[in-house]
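Chains, contacts and geometry: an overview
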Amino acid sequence: MIGLTPAELSYGLGISKSTAYTLLEKRNNQSEETAQNQNKRIIIPSNVIRKLLCERDFHYPNLNISFQVVKGGAGKTSLATNFAYRCAQYGAKVLLIDFDQQGNASRCFNIETRSKPVFLNIFRQECDIKDAIISVNEFFDIIPSNLNNSRLDYEMSQKVSLNIRDMLRKLLEPIRSNYDLVIMDCPPAINRINASVTCGSDLIVIPVNPDQYALDGMQFSVSEIEMIKKDFNLKDLEYKLVWNKYDAREKLGAIYMHALVKDAAMLHKLIPIVVRTDTEFKNSVHEKRSIFENGKKSAAREDVDELTRELLGLRDWSPKKGKG
Ligand SMILES: Nc1ncnc2c1ncn2[C@@H]1O[C@H](COP(=O)(O)OP(=O)(O)O)[C@@H](O)[C@H]1O
Ligand SMILES: [Mg+2]
């Protein structure tokens, strides 16, 4: 069962706690739609939240969002997986595609990937895309990855007729309408896989950390995206930066942040959210769960929730009166 607690829903949608509880009670009276999760917390299921938001004229964005940066360890996987899970909790229908041969995103959801079809098999047309999808819950599916994907870039380079620009959207076409969001976790590389993911993205999120290597990596990735955007004439492709691993106690963090925002073009790209350093990211990987499947409050939860609401368009959305 996936969903949000009444308190999370109240904060997330900007409605009062009493309204959230009233909704819960109303739903309770109508049906068996509320439930308790393993932590014995009352949760409002994602299908109820979806109904609620749609009744109030909220439209889930229909986007392909990739998390990319050439630097490893910047937080692509941590942010992509937890953002994807949070979107599903808010009632968005999500497909997460793991393009990284390390399969870290897949392991976050306790998926044994070795024997599973991966994107390479879809590319080779050995497997129907529908058969490569694993359902984590009714709002959240994943196409996992494993070491077999390390052949993907080479095989793409050998295919003379390869259309990098349209490849991803074409391969996704049979299943695309089942989802609001397709979220992609990418390897830290400049290769054909990432170029085709860039072409197939509406938005690229680039995690940036407060250190020089990360800033260099970010600049390299931004130049690469700009080049692909120009070469393939991708007018609508957007990219944004998200500040990850921020620690207020580190003086250098403020210095690097200052250096970044001094550049007006970069400031314009910066998502107004800071994801703080928090061991909960590592703990959740160890426990093979998202940061949200743990009753405890954490900086990680707060910050990725803000990021989710920002990208879903919930932060500046105000609820119109619905049917309740
Ligand atoms: N905000 C954060 N606070 C603390 N640790 C983080 C944070 N973001 C990521 N990490 C940790 O940093 C490591 C690298 O993150 P990961 O998401 O795998 O990066 P990438 O996918 O870009 O290589 C992981 O161990 C992860 O748990
Ligand atoms: Mg990764």
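Residues numbered from 1 in each chain as written. Chains lettered and ligands numbered in written order. Predicted model: local features only at pLDDT ≥ 70, side-chain atom pairs only at ≥ 80, totals over all residues. Heavy atoms only, no water.

On to the pattern of salt bridges, then. Per the counting criterion, the structure on display carries 20 salt bridges. Ionic pairing is found between Glu-155 and Arg-124, a salt bridge with its closest N-O pair at 2.6 Å. With Glu-155 in helix H8 (residues 152-158) and Arg-124 in the loop between helix H6 (119-123) and helix H7 (129-132), the pair connects residues that are 31 residues apart, well separated along the chain. For Arg-151, the salt bridge identified is with Glu-155, shortest N-O distance 3.0 Å. By sharing partners, the salt bridges in this structure join Glu-8, Arg-86, Arg-301, Asp-305, Glu-306, Arg-309, Glu-310 and Arg-315 into a single network. (Salt bridge = Lys/Arg side-chain N within 4 Å of Asp/Glu carboxyl O. Helix = DSSP H or I, 4+ residues; strand = E, 2+ residues; numbered from the N terminus.)

Membership of the largest hydrophobic core comes to 54 residues, with the highest contact counts inside it found for Leu-13, Val-94 and Ile-183. In this structure, this core is formed jointly by two domains, domain 1 (1-55) and domain 2 (60-321), each of which donates at least three residues. When sequence neighbours within four positions are dropped, the list of residues in contact with Val-94 reads Ala-84, Cys-87, Ala-88, Phe-139, Phe-140, Asp-141, Tyr-179, Leu-181 and Ile-183. Of all hydrophobic cores here, the second largest spans 50 residues; its members include Ile-97, Phe-119, Val-208 and Tyr-256. (Core = buried A, V, L, I, M, F, W, Y, C linked by side-chain atoms within 4.5 Å. Buried < 20%, exposed > 50% of the residue type's maximum accessible area, 1.4 Å probe, protein only. Domains from an automatic or database assignment. Contact = heavy atoms within 4.5 Å.)

Considered domain by domain, the protein chain is made up of domain 1 (1-55) and domain 2 (60-321). Contact residues are listed per partner, giving 16 residues for domain 1 and 23 residues for domain 2. Of the roughly 1600 Å² buried at the junction of domain 1 and domain 2 (both faces included), carbon and sulfur atoms supply 55%. Together, Ile-2, Arg-50 and Leu-53 form the three largest contributors to the area buried by domain 1 at its contact with domain 2, with a combined 36%. (Buried area = accessible area lost by both parts, 1.4 Å probe.)

What follows covers the packing of helix H4 (residues 76-89) against helix H15 (residues 299-312). Packing of H4 against H15 leaves a shortest axis separation of 9 Å and a crossing angle of 65 degrees. When the interaxial angle is binned, H4 and H15 end up roughly perpendicular. Where H4 crosses over H15, the two elements pack in a sense that is right-handed. In this structure, H4 uses Leu-79, Asn-82, Phe-83, Arg-86 and Cys-87 to contact H15, whose residues at the interface are Val-304, Asp-305, Leu-307, Thr-308, Leu-311 and Leu-312. Grouping the constituent residues of the contact of H4 with H15 by class yields 7 nonpolar, 2 polar and 2 charged. (Axes fitted to C-alpha atoms, helices over the stretch in contact; angles between N-to-C directions. Parallel < 35°, antiparallel > 145°, perpendicular 65-115°, else oblique. Left-handed = near helix turned anticlockwise from the far one by under 90°. Nonpolar A, V, L, I, M, F, W, Y, C, P; charged D, E, K, R; others polar.)

To continue, consider helix H12 (residues 251-262). Helix length check: H12, at 12 residues, gives a terminal C-alpha distance of 17 Å against a target of 16 Å (1.5 Å per residue), a fit within 8%. Looking at the buried residues of H12, the elements they touch are helix H11 (212-231), strand S10 (238-246), helix H13 (264-269) and strand S11 (270-276). (Expected span 1.5 Å × (residues − 1).)

Within the open sheet, the 8 strands sit side by side as S6-S7-S5-S8-S4-S9-S10-S11. Their pairing is mixed. On the outer flanks of this sheet lie strand S6 (134-137) and S11, each paired with one strand and no other. The average angle at which neighbouring strand axes cross in this sheet is 25 degrees, direction not considered. Relative to strand S8 (residues 181-185), strand S4 (residues 63-67) runs parallel, the two being bridged by 5 bridges. Among the inter-strand pairings, Phe-67 is bridged to a residue of S8, identified as Asp-185. Across the sheet, H12 is in contact with S10 and S11; its angle to S10 comes to roughly 165 degrees. (Pairing = 2+ DSSP bridges.)

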